[in-house]
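Chain residues, written in single-letter form:
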Amino acid sequence: MTARTRLCAYARLVLRITDARTGELVDATPARRGLTRVEAHTRGFDPTSLRVLLVADLLVRALELGGTPVWALLDGERDLPELRAAGAALGVRPFEDGRGAGTGLGEAQVLHVVSEGGAAPGGVRVAVAPVHQEGLGDAPDGADRTDSTGAPGPADLTAPDNPTEPTVLRLALLTHPRSSPLRLDPAALDEAAGTLGRWRGAVAAWAHRPSRPIPDTVRVDLRTAWEDDLDAVAVLRVLRAVEQDPEVPDGARFETYAYADRLLGLDLTRDLGSTA
């Protein structure tokens, strides 16, 4: 594919998302530039609800990057203050209270982000598979506690005094497709911490190199990934490929990671200035 062809393809990209009711891809915003409501439905304060909120945040970011105005709402059964606090620690943008919310002015689409087997509102539904956290006992839905092994619940994982940075948890949750159950254990957090630390160090080093534009092919690959069913795993795969590609200048690597981070929300430029 020539650069011109890729640019034309890039210009035609529109975010499409799988509707859990039918299993079919639908346009996330049928009326271009029309207001799209993204409503996260949670059961309580548990790792799965945190994943639902994170997927909703990712969806909001992707729509805004495409120029679509978004109204972000959170409709939870209980424990909303705790869930909001944990979401804020993970870099989730503020969501308005969705309980009893009416129709937004100029609203063209409503996207409901729900856990599998959870709420079943009318309209497009984006389903999120459960999180199974190692060490948690058979707590009821919405519970947040530790068992005798001392495994942390979401409140502990996102607490300010926890040695594990909340962004590490965000990356661990993004590393697997939202449609697949996710096992969150110490090994997963260690892997995410290693990746995040390596990327932040690399971005800080690349920032000292001459600036270069993002290669057209890379930009198309990134946008294709997240416009195709909000595939964060594919976005991370593109970043790993750029990290290893000797043909990509360091300055272009920096711009690529900074651009992708507008979607991922991993604060990849945090360590700028720390590397000589």
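Residues numbered from 1 in each chain as written. Predicted model: local features only at pLDDT ≥ 70, side-chain atom pairs only at ≥ 80, totals over all residues. Heavy atoms only, no water.

A.B. asks: Could you give an account of the sheet that holds strand β4 (residues 70-76), naming the residues involved and the relevant values?
C.D. replies: Strand order in the open sheet formed by five strands is β5-β4-β3-β6-β7, with parallel pairing between adjacent strands. Unpaired on one side and paired on the other, β5 (96-97) and β7 (124-128) mark the two borders of the sheet. Across five bridges, the pairing between strand β6 (residues 107-115) and β7 is parallel. Bridge pairing in β7 places leucine 111 opposite valine 124. Packed on one face of the sheet, helix α2 (residues 47-65) meets β3 (35-42), β4, β6 and β7 and runs near 170° to β3. Along the sheet face, helix α3 (residues 80-89) touches β3, β4 and β5 and points at about 135° away from the line of β4. (Pairing = 2+ DSSP bridges. Helix = DSSP H or I, 4+ residues; strand = E, 2+ residues; numbered from the N terminus. Contact = heavy atoms within 4.5 Å. Axes fitted to C-alpha atoms, helices over the stretch in contact; angles between N-to-C directions.)

A.B. asks: Pulling in residues and values, what's your account of the confidence of the model for the chain?
C.D. replies: Regions with low pLDDT carry predicted coordinates that are not meant to be interpreted in detail. Looking at the chain, pLDDT values average 85 and 80% of them are 70 or higher. Taken as a whole, residues 1-12 scores under 50 in pLDDT and shows 10 contacts with residues more than four places along the chain or in a different chain. When the criterion is pLDDT under 50, residues 136-151 qualifies, and its contacts beyond four places in sequence or with other chains add up to 32 contacts. (pLDDT = per-residue confidence, 0-100.)

A.B. asks: Before we move on, could you go through the nonpolar core and cite the residues and values that matter?
C.D. replies: In this structure, Val38, Leu59, Phe95, Val113, Leu222 and Leu264 are the most contacted members of the largest nonpolar core, which totals 71 residues. Take this core: its biggest share by element is 12 residues, from α2. Apart from residues no more than four positions distant in its own chain, leucine 264 is found in contact with Leu58, Arg170, Leu174, Val235, Leu236 and Leu239. (Core = buried A, V, L, I, M, F, W, Y, C linked by side-chain atoms within 4.5 Å. Buried < 20%, exposed > 50% of the residue type's maximum accessible area, 1.4 Å probe, protein only.)

A.B. asks: Describe the pattern of salt bridges, with residues and values.
C.D. replies: Counting across every chain of the model gives 15 salt bridges. Residue aspartate 27 is joined to arginine 16 by a salt bridge in which the shortest nitrogen-to-oxygen separation is 2.7 Å. With aspartate 27 in strand β2 (residues 24-27) and arginine 16 in strand β1 (residues 16-19), the pair connects residues that are 11 residues apart, well separated along the chain. The class of aspartate 27 is partly exposed, set by a relative accessible area of 29%. Residue class for arginine 16 comes out partly exposed when judged on its relative accessible area of 34%. The shortest N-O distance in the salt bridge between glutamate 39 and arginine 37 comes to 3.9 Å. Like glutamate 39, the residue arginine 37 is buried in the burial classification. (Salt bridge = Lys/Arg side-chain N within 4 Å of Asp/Glu carboxyl O.)

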